Amino acid sequence: MKNQEEEENRQKMLLAQKREEGKKRRLEQEKANLAARSRDDLRCPIVVIMGHVDTGKTKLLDKIRKTNVQEGEAGGITQQIGA
């Protein structure tokens, strides 16, 4: 009984130690990522606009990209967006 309790305590300590090590690694990686960031190194955001037919998805994308894809559509159906 005593050995089982000792083993459980040891496992809990090891688990807590691994969590702390993981947390430390994540914080170090985050600091390194922030330090390496520059205005020239930023990526464009990824935008997903979901909706059914004729709900204004293309119009929203046109506003974001400052384009006019909607005007050239036949029947209001976009065949190709941003590809």
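Since the structure is predicted, the reported quantities are computational estimates derived from the model, not experimental observations.

Student: Please explain the overall build of the chain as it appears in this structure.
Tutor: Across its full length, the chain holds two helices and zero strands. Looking at the 83 residues of the chain, the share that counts as buried comes to 6%. Element-wise, carbon and sulfur atoms account for 52% of the exposed surface of the chain, whose accessible area totals about 8300 Å².

Student: Looking at this structure, I do not really get a nonpolar patch on the surface. What am I missing?
Tutor: Nonpolar side chains collect at one region of the surface, where I46, V48 and M50 lie side by side and expose about 420 Å² of accessible area between them. Tracing the chain through its elements places V48 in the loop between α1 (2-36) and α2 (57-65).

Student: Explain α2 here, please?
Tutor: Because each turn of an α-helix spans 3.6 residues, side chains separated by three or four positions in sequence point in the same direction. Within α2 the residues assigned to the buried category are T58, L61 and D62. For α2, the buried positions fall inside an angular range of 105° around the axis, keeping them on one side. Facing away from the buried side of α2 by over 90 degrees, the exposed positions are K63 and I64. Phi turns positive one or two residues past the end of α2, at K66, with a value near 55°.

Student: What exactly am I supposed to notice about unusual backbone geometry here?
Tutor: Glycine aside, negative phi is the norm for most residues, and most peptide bonds take the trans geometry. A positive phi angle, near 55°, is found at K66, a position not held by glycine. Residue position: K66 is located in the segment after α2.

Student: I tried to follow the environment of V47 on my own but got confused; where do I start?
Tutor: Examined against the element boundaries, V47 turns out to sit in the loop between α1 and α2. Sequence separation between V47 and I64 is 17 residues; the distance between their C-alpha atoms is 9.7 Å.

Student: Looking at this model, I keep getting lost on the side chain of D62. Mind explaining?
Tutor: Turning to its location among the elements, D62 is positioned in helix α2. Beyond its immediate stretch of four places on either side in the chain, D62 contacts T67, N68, V69 and Q70.

Criteria and thresholds
- In every chain, residue numbers begin from 1 and rise along the written sequence.
- In keeping with the predicted nature of the model, local features appear solely for residues at pLDDT of at least 70, side-chain atom pairs appear and are counted solely at 80 or more, and the whole-chain, interface and lining totals rest on all residues.
- Think of the side-chain values as coming from all heavy atoms in the structure, minus any hydrogens and water.
- Each helix corresponds to a stretch of at least 4 residues labelled H or I by DSSP, and each strand to a stretch of at least 2 residues labelled E; elements are numbered beginning at the N terminus.
- Summary of the burial criterion: residues with accessible area below 20% of their type's maximum are buried, those above 50% are exposed, and those between are partly exposed, where the area comes from a 1.4 Å probe applied to protein chains only.
- In short, Shrake-Rupley with a 1.4 Å probe defines the accessible areas, and a residue's cover is counted only from the protein chains shown.
- Distance thresholds for patches are 9 Å for like charges and 5 Å for nonpolar side chains (Val, Leu, Ile, Met, Phe, Trp, Tyr), applied to residues having over 30% relative accessible area and no salt bridge.
- Only one rule defines a salt bridge in this text: a Lys or Arg side-chain nitrogen within 4 Å of an Asp or Glu carboxyl oxygen.
- What the arc measures is the spread of directions leading from the helix axis to the C-beta atoms.
- In this analysis, two residues are considered to be in contact whenever any of their non-hydrogen atoms come within 4.5 Å of each other.

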